[in-house]
Amino acid sequence: MNAIETQSLTYQYPNTGKGTPAAIEGINLAAQPGQLLCIIGHTGSGKSTLVQHLNALLKPTGGAVFVDGKNIWQNKASIRQARFWVGLCFQYPEYQMFEETVEKDIAFGPKNMGLPGDEIRARVLRAAEYVGLPESCLPKSPFDLSGGEKRRAAIAGVMAMEPRALVLDEPTAGLDPAGKEQIQQLILRYRRETGRTVLLISHNMEEVARLADQILVMHQGRAALCGTAAEVFGRAAQLREMGLSVPVVTDIFERLRAAGLPVSAEIFTEEQAAAELARLKREGVRLP
Amino acid sequence: MIKGITIGQYFAGRSPLHRMDARMKIVLTLAYMVVIFLCKNFWALGCTALAAVLCAALSGVPAKMILRSMRPVLILVLFTGVLNVFYTNGPNTHIWFQYELWRVTLKITREGVFTAMFTTIRILCLIAVSSLLTYTTTPSMLTTAMERLLLPLAKLKVPVAVFAMMMTLALRFVPTLIEETERIMNAQKSRGANLETGSLLQRVRAFVPVLVPLFVSAFRRAAELASAMESRCYTGEGPRTSLKQLRLRPWDFGWLAGTVLLTAGIVALNHFFRAVI
Ligand SMILES: Nc1ncnc2c1ncn2[C@@H]1O[C@H](COP(=O)(O)OP(=O)(O)OP(=O)(O)O)[C@@H](O)[C@H]1O
Ligand SMILES: [Mg+2]
């Protein structure tokens, strides 16, 4: 059974005219439990629209959404359940913080779930720990944190609901390289330690290559490609046509291969690239 | 849920109404509002209403959109209509219908019915014409025109240009803030906030998580905008010219003449036919 599944999901924004194409159309997405699924696509391709269906914020105009095999639009209870089963963290989540202290803000989700006080406290501490927020930050005002800390505190606010699947919309957008690295690390660690499903929207191909088990490519509201990093980044030409790119190292190795070097076609991360270069050196291969 | 609200409801087009100088449009709209209250009998009222219908037809704005702008005041119109029908009393009223209900006498008089009809038609015409003004003029044009019209007040040290700039900025940020509100509402709903059910007090309290981030972001935007304007040397002093120049053209005077003619016609009709209210 898939953790999250959509069947020919279609959505047309109600305030758009009849002539405009649907924001998303016929999306069949399937994320297995514990999988890290990355969604990429050019701006306006419908990524955010798609993920807002997963926790029942948008009601599909066609098709259906299943979380753990359950249709989330079955009844009122299932809609509310979907809110907590799928934790959705919007782009720039730090702008939605409102409580006086970081701790209270992280506790907002669990409190809405109606959990007892000590359970809330335990979840807040656990979530803060996942995102690497020191306990000294908790009594501070959210507005006194640095940009990266604010972002991580906001993500903790969603994690504290302990959703079965975590959905992050461009979690590293607008952060400096160190902040990006921290977020990527915490996503990997969260997934490793909880074993829960994670969906991630990203514009950064290096990040996608590094994190993803599976990649879904959106193009003009449709799912254009879906598969592993090798299957998706192997189609560099098609990606470029859709206004996307492949990781820089993949591009470099593609050129090396074109220049006649016997290098692997499946180099997507810096680690893989370093290992491949080390192999070349070991085997004493020279440029022709 | 908030998407139904439209402010700055411009309907793009190239009709004669769209091409009229915005200053002229504002002045003539005001003149029309006066004229409609001058009407004393059904002939005059009919002519004025006909003028509104003709303008609406000329504007190319779909009738549906104009009718939609009347919807919010429908209750008010019905309410005043009913009140007028039953509560018009006078020394020489013609009673059409009378009914004793306990100790209250319900009385429908001819004058009451006429007053109700007059008020209803007047309110509907007012709304039709003022919505035509906003449908055929972009918000920025409207504020520019207002600024020009109020410019004489600057002599009395009223900061007209600053007010106009504030108006322009406010209009510019309405859609942005609506979008922002929606985003924040979605974000809080994702954390299980319940914004749609519960008692009024509960619902007001449930909006705190939306309002706080909204104010924070509005202040942030305001600060950013202020620095952006200052770095372009905006001071709020001195005369400012406008990118879109307003110019009166021959046809604008045609519209003026038409309105004068209408007014003259109404005065004549008032004179020749018996007043009913
Ligand atoms: N509230 C809305 N009302 C009407 N149309 C919308 C709305 N939100 C998005 N759209 C349209 O739906 C399409 C998909 O938008 P969406 O925000 O899902 O794109 P995206 O892939 O998330 O883009 P980005 O990478 O810029 O975040 C776009 O064409 C957009 O204009
Ligand atoms: Mg988006």
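Residues numbered from 1 in each chain as written. Chains lettered and ligands numbered in written order. Predicted model: local features only at pLDDT ≥ 70, side-chain atom pairs only at ≥ 80, totals over all residues. Heavy atoms only, no water.

Quick look at the overall build of chain A now. Along chain A, the regular secondary structure elements total eleven helices and ten strands. Computed over C-alpha atoms, the radius of gyration of chain A comes to 21 Å, within 12% of the 19 Å expected from 2.2 N^0.38 for 288 residues, which places it in the range of a compact globule. Principal-axis analysis of the C-alpha atoms places the extent of chain A at approximately 70 × 50 × 35 Å. Burial statistics for chain A: of 288 residues in total, 51% are counted as buried. Once local pairs closer than 6 in sequence are excluded, the contacts in chain A between residues at least 24 apart make up 62%. A total accessible area of about 12,800 Å² is found for chain A, and carbon and sulfur atoms account for 50% of it. Distance from the positive charge centre (32 side chains) to the negative charge centre (32 side chains) of chain A: 3 Å. (Helix = DSSP H or I, 4+ residues; strand = E, 2+ residues; numbered from the N terminus. Rg over C-alpha atoms; globule rule 2.2 N^0.38 Å. Buried < 20%, exposed > 50% of the residue type's maximum accessible area, 1.4 Å probe, protein only. Contact = heavy atoms within 4.5 Å. Areas by Shrake-Rupley, 256 points an atom, 1.4 Å probe, with all protein chains shown as cover. Lys, Arg positive; Asp, Glu negative; His and termini not counted. Charge placed at Lys NZ, Arg CZ, Asp CG, Glu CD.)

What follows concerns the pattern of salt bridges. Residues and elements named next belong to chain A. If you walk through the whole model with that rule in mind, you get 22 salt bridges over all chains. Between E94 and R151 there is a salt bridge whose closest N-O contact spans 2.7 Å. On the criterion of sequence distance, the pair formed by E94 in the loop between β6 (86–89) and α3 (102–112) and R151 in helix α5 (residues 147–159) is long-range, its members being 57 residues apart. Taken individually, E94 and R151 each receive the classification buried, so the pair is uniform in this respect. Here the salt bridges do not stand alone but share partners, grouping E119, R123, R126 and E162 into one network. (Salt bridge = Lys/Arg side-chain N within 4 Å of Asp/Glu carboxyl O.)

All names here are of chain A. Strand order in the open sheet made by the four strands is β2-β1-β4-β5, with antiparallel pairing throughout. The open sheet has two free edges, formed respectively by β2 (24–31) and β5 (70–71), since each of these has just one partner strand. In the sheet, strand β1 (residues 4–11) pairs with β2 via five bridges, with the strands oriented antiparallel. When the sheet's bridge partners are listed, E5 is paired in β2 with A30. Strands in contact with helix α1 (residues 47–54) are β1, β2 and β4 (62–67); relative to β1, the strand with the most contacts, it is inclined by about 125°. (Pairing = 2+ DSSP bridges. Axes fitted to C-alpha atoms, helices over the stretch in contact; angles between N-to-C directions.)

What follows covers the site of ligand 1. Near ligand 1 lie 16 residues; those nearest to it are T43(A), G44(A), K47(A), S48(A) and T49(A). Neighbouring residues of ligand 1 are not confined to a single chain but are spread across chains A and B. In this structure, an oxygen atom belonging to ligand 1 sits 3.0 Å away from a main-chain N or O atom of G46(A). For ligand 1, whose free accessible area comes to 630 Å², the fraction covered by protein is 64%. Its residues placed into classes, the shell around ligand 1 shows two nonpolar, eleven polar and three charged. (Near = heavy atom within 4 Å. Polar contact = N/O pair within 3.5 Å; in protein donor to acceptor, adjacent residues only side chain to side chain. Nonpolar A, V, L, I, M, F, W, Y, C, P; charged D, E, K, R; others polar.)

This part covers the domain arrangement of chain B. Residues and elements named next belong to chain B. One can read the domain layout of chain B as domain 1 (1–159 + 244–277) and domain 2 (160–235). Placing the centre of domain 1 and that of domain 2 at their C-alpha centroids yields a distance of 33 Å. Counting residues at the interface gives 13 residues for domain 1 and 14 residues for domain 2. Each partner contributes to the roughly 1,200 Å² buried at the junction of domain 1 and domain 2, and carbon and sulfur atoms together form 78% of this total. Put simply, domain 1 and domain 2 have zero salt bridges between them. Summed over the shared surface of domain 1 and domain 2, the result is four residue pairs in polar contact (both at pLDDT 80 or more). Across the side of domain 1 that touches domain 2, the residue classes tally to ten nonpolar, one polar and two charged. (Domains from an automatic or database assignment. Buried area = accessible area lost by both parts, 1.4 Å probe.)

Turning our attention to a positive patch on the surface. Together, K18(A), K64(B), R68(B) and R71(B) line one region of the surface with positive charge. Tracing the sequence through the fold places K18(A) in the loop between β1 and β2. (Patch = residues over 30% accessible without salt bridge, like charges linked within 9 Å, V, L, I, M, F, W, Y side chains within 5 Å.)

All names here are of chain A. Pairing within the open sheet is mixed, and its six strands lie in the order β6-β7-β8-β3-β9-β10. On the outer flanks of this sheet lie β6 and β10 (222–227), each paired with one strand and no other. Each neighbouring strand pair of the sheet contributes to a mean axis angle of 15°, computed without reference to strand direction. When strand β3 (residues 36–41) meets strand β8 (residues 197–201), the two strands line up parallel, connected through four bridges. By the bridge assignment for β8, L36 is matched with V198. Each of β3, β6, β7 (165–169), β8 and β9 (214–219) touches α1; the most contacted strand, β3, lies at about 145° to it.

To continue, consider the interface of chain A and chain B. Taken together, the 23 residues of chain A in the interface contact 15 residues of chain B. Summed over both sides, the interface of chain A with chain B buries roughly 1,800 Å², with 57% coming from carbon and sulfur. Contact with chain B buries surface across chain A, with Y95(A), Q96(A) and F98(A) losing the most and accounting together for 31% of the total. At the boundary of chain A and chain B, one finds one salt bridge. Between D105(A) and R191(B) there is a salt bridge, and its shortest N-O distance comes to 3.2 Å. Applying the counting rule to chain A against chain B returns five residue pairs in polar contact (both at pLDDT 80 or more). Elements with a minimum of two residues in the side of chain A that touches chain B: α2 (76–85) and α3 of chain A.

All names here are of chain A. Membership of the largest hydrophobic core comes to 53 residues, with the highest contact counts inside it found for M159, I215, V217, F233 and L239. Every residue in contact with V217, bar those within four places of it in the chain, is listed here: I40, R222, A223, A224, L225, V232, L239, M242 and L244. With 30 residues, the next largest nonpolar core counts L9, L50, V86 and F90 among its residues. (Core = buried A, V, L, I, M, F, W, Y, C linked by side-chain atoms within 4.5 Å.)

For the rest of this paragraph, the subject is the packing of α3(A) against helix α4 (residues 117–130) of chain A. All names here are of chain A. Where α3 meets α4, the closest approach of the two axes is 9 Å, and the angle between their N-to-C directions is 120°. Taken together, the axis directions place α3 and α4 in an arrangement best described as oblique. Seen from above, α3 lies across α4 with right-handed handedness. Facing E103, I106, A107, P110 and K111 of α3, the residues of α4 in contact are I120, R121, V124 and A127. When grouped by side-chain class, the residues that make up the contact of α3 with α4 number six nonpolar, no polar and three charged. (Parallel < 35°, antiparallel > 145°, perpendicular 65-115°, else oblique. Left-handed = near helix turned anticlockwise from the far one by under 90°.)

A few words now on the pairing of β3(A). Residues and elements named next belong to chain A. Taken across its six residues, β3 has six buried, putting it largely inside the fold. Of the two faces of β3, the one holding L36, C38 and I40 and the one holding L37, I39 and G41 are both buried throughout. Sheet topology places β3 next to β9; five bridges connect them, and they run parallel. Residue pairing for β9: I40 is matched across the bridge by V217.

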